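Examination of the molecular architecture
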Amino acid sequence: MILNAYAVLDAFLTLLRLGLGLFVLCLASLTWRAWRRRDALADRTLWEDRSYLLFLTAGLLLALNVVSWPVLYLLLQSYVPEWPGVMCVYGVTRIGAGSRGAARFLPALVQALQVTKPALVFLSGAWFVLYLLNRRTTSAPLTGRVLAVLLAGGLLAVGDAAAEVAYLTIPKKEEFPAAGCCTVVFDRGSDAARFLPDAWTDDPATPWLYAAYYAVNVGMVVALGAYGWFFRDRAPRGWLLVLLLGAVLSLAVNAVFLVETAAPKLLHLPYHHCPYDLIPKAPESLVAVALFLGGCFSVGWACVAGFVADGPEVRPFLPSMIRRLLVQGLFGYLGSVVMISLELALA
């Protein structure tokens with residue numbers, strides 16, 4: 001285990017999340033059983049106290065899940081100087097590759113963490129949206145769905161924290177990567193880690209990526225604004241599905257644009273396509289990435305509300321909740337486009 005300030009911070013957050021996750025799982029399971037039996041909690045005060053306790057611990061777990069995402073990348077960045085052949089976070093993610101000992105699990109663990117972190121944030125947000133809708137009703141008809149999402153989020157949080165504990169504790173200092181430089185992967189057009197071949201991203205062909213980026217993101221801003229304008233009192237699922245497909249498309253387009261166009265320009269290295277290098281060299285670009293992900297997540301949470309939380313008691317105030325989430329998504333997309341445009345213009 002490599003000890004530094006970020007490792008200590010990450011270990012503290014991870015152990016705290018692991019304990020809270022287990023507690024939330026136990027309390028949510030007890031609440032689920034009581035809710036299924038209906039008569040197990042005849043004492044209304046006990047039911048309310050348990051529900052409030054569950055909400056408070058789940059809310060704290062949600063906040064810690066959000067914080068743990070950037071802390072993971074700060075931890076990986078702090079490990080870069082530990083190996084002479086490692087130049088950025090990508091090299092750290094390859095530590096242990098080819099090893100026959102416990103270190104052979106390190107690359108898989110860090111790759112899994114990079115997937116579970118955003119999934120955990122999305123699930124936690126979905127639970128919170130359903131909880132807010134459920135508490136506005138009189139008979140709490142969404143309780144089963146709220147608990148089901150909370151149980152899924154709790155399981156994922158425990159799995160994520162356990163994987164992070166394993167990553168922190170497995171010895172890695174004596175391991176050396178076969179290729180610690182990201183140029184071996186991201187700057188080879190034939191490698192699967194690159195999204196597009198070099199011939200597609202040479203300077204004469206680059207404008208089409210700019211066109212695709214702005215068309216998709218500005219299109220999402222317009223679509224979200226139009227939804228908020230035309231659908232104030234209802235929530236048509238067809239339009240929500242269109243917005244969800246648009247958000248998925250924008251994820252793909254923005255990922256390609258970030259690697260193929262934005263990263264080389266922001267790093268002032270025309271032929272270097274590593275997005276990990278943006279963490280130490282262009283940290284302001286990460287704000288644009290965070291705003292974009294917030295916009296995508298907001299669209300996803302609005303779709304969760306529209307497709308999962310529909311019901312007679314919820315229907316009167318469901319459109320306002322969806323509209324609020326989509327407006328939040330609009331500002332996320334708009335803020336991301338404005339920030340990345342300014343950064344590219346000044347680069």
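Definitions and limits used
- Residues numbered from 1 in each chain as written.
- Predicted model: local features only at pLDDT ≥ 70, side-chain atom pairs only at ≥ 80, totals over all residues.
- Heavy atoms only, no water.
- Helix = DSSP H or I, 4+ residues; strand = E, 2+ residues; numbered from the N terminus.
- Areas by Shrake-Rupley, 256 points an atom, 1.4 Å probe, with all protein chains shown as cover.
- Polar contact = N/O pair within 3.5 Å; in protein donor to acceptor, adjacent residues only side chain to side chain.
- Contact = heavy atoms within 4.5 Å.
- Phe/Tyr/Trp six-rings, centres within 6.5 Å; stacked < 30°, edge-to-face > 60°.
- Buried < 20%, exposed > 50% of the residue type's maximum accessible area, 1.4 Å probe, protein only.
- Axes fitted to C-alpha atoms, helices over the stretch in contact; angles between N-to-C directions.
- Parallel < 35°, antiparallel > 145°, perpendicular 65-115°, else oblique.
- Left-handed = near helix turned anticlockwise from the far one by under 90°.
- Nonpolar A, V, L, I, M, F, W, Y, C, P; charged D, E, K, R; others polar.
- Patch = residues over 30% accessible without salt bridge, like charges linked within 9 Å, V, L, I, M, F, W, Y side chains within 5 Å.
- Salt bridge = Lys/Arg side-chain N within 4 Å of Asp/Glu carboxyl O.

Looking only at helices and strands, the protein chain features 11 helices and 0 strands. Along the chain direction, N to C, the helices and strands of the protein chain fall in the order α-α-α-α-α-α-α-α-α-α-α. Total accessible area on the protein chain is roughly 16,500 Å²; 70% of this is exposed by carbon and sulfur atoms.

Okay, the side chain of threonine 137 next. Inspection of the secondary structure puts threonine 137 in the loop between helix H4 (106-135) and helix H5 (143-169). Within polar-contact distance, the side chain of threonine 137 engages the backbone nitrogen of alanine 140 at 3.1 Å. Not counting the four nearest positions on each side in its chain, threonine 137 is found in contact with Glu313, Val314 and Phe317.

A few words now on the packing of aromatic side chains. Across all of its chains, the model carries 14 aromatic pairs by this definition. Measuring from centroid to centroid gives 6.4 Å for tryptophan 69 and phenylalanine 297, while their planes differ by 25°, and the two rings are stacked. Of this pair, tryptophan 69 sits in helix H2 (residues 44-79) while phenylalanine 297 sits in helix H10 (residues 284-308), placing them 228 residues apart in sequence. The residues tryptophan 69 and phenylalanine 297 share a single accessibility class, namely buried. Here phenylalanine 122 and tryptophan 301 contribute two aromatic rings whose centre-to-centre distance is 6.2 Å and whose plane-to-plane angle is 20°, an arrangement assigned as stacked. Here the residue phenylalanine 122 occupies a position in helix H4, and tryptophan 301 occupies one in helix H10, the gap between them amounting to 179 residues. The class for phenylalanine 122 is partly exposed, based on a relative accessible area of 26%. Aromatic rings pair up to connect Phe55, Trp127, Phe128 and Tyr131 into one cluster.

Within the fold, aspartate 160 resides in helix H5. Among the polar contacts listed, one links the side chain of aspartate 160 to the side chain of arginine 17, at a separation of 2.8 Å. A polar atom in the side chain of aspartate 160 sits 3.0 Å from the side chain of lysine 117. Beyond its immediate sequence surroundings of up to four residues, aspartate 160 is in contact with Arg17, Leu113, Thr116, Lys117 and Leu120.

Another point: the packing of helix H8 (residues 237-266) against helix H11 (residues 318-346). Two numbers describe how H8 lies on H11: the axes approach to 13 Å, and their chain directions differ by 15°. Classified by the angle between their axes, H8 and H11 sit roughly parallel to one another. Regarding H8 and H11, the two cross each other, and that crossing is left-handed. Across from Leu240, Leu243, Ala247, Ser250, Phe257, Ala262, Lys265 and Leu266 in H8, the residues of H11 making contact are Ile322, Leu326, Tyr333, Ile340, Glu343 and Leu344. Of the residues assigned to the contact of H8 with H11, the class counts are 11 nonpolar, 1 polar and 2 charged.

Time to look at a nonpolar patch on the surface. Where nonpolar side chains cluster on the molecular surface, the patch consists of Leu241, Leu244, Leu245, Val248, Phe307 and Val308 and spans about 490 Å² of accessible area. Elements with a minimum of two residues in the nonpolar patch: H8 and H10. Considering every element that reaches the nonpolar patch, the biggest residue donor is H8, with 4 residues. Mapped onto the secondary structure, phenylalanine 307 falls in helix H10.

A separate point is the environment of glycine 96. Examined against the element boundaries, glycine 96 turns out to sit in the loop between helix H3 (89-93) and H4. By relative accessible area, which is 2% here, glycine 96 ends up buried. For the pair glycine 96 and lysine 172, spaced 76 residues apart in the sequence, the C-alpha separation amounts to 6.9 Å.

Our next topic: the pattern of salt bridges. In the structure shown here, the tally under the stated rule is 4 salt bridges. Between aspartate 160 and lysine 117 there is a salt bridge, and its shortest N-O distance comes to 3.0 Å. Residue aspartate 160 is found in helix H5, and its partner lysine 117 is found in helix H4; the two are separated by 43 residues along the sequence. An identical accessibility class is assigned to aspartate 160 and lysine 117; each is buried. Lysine 117 is the salt-bridge partner of glutamate 164, the closest N and O atoms lying 2.5 Å from each other. Residue glutamate 164 is located in helix H5, and its partner lysine 117 is located in helix H4; the two are separated by 47 residues in the primary sequence. Glutamate 164 gets classed as buried once you look at its relative accessible area, which sits at 1%. The structure contains a network of salt bridges with shared partners spanning Arg17, Lys117, Asp160 and Glu164.

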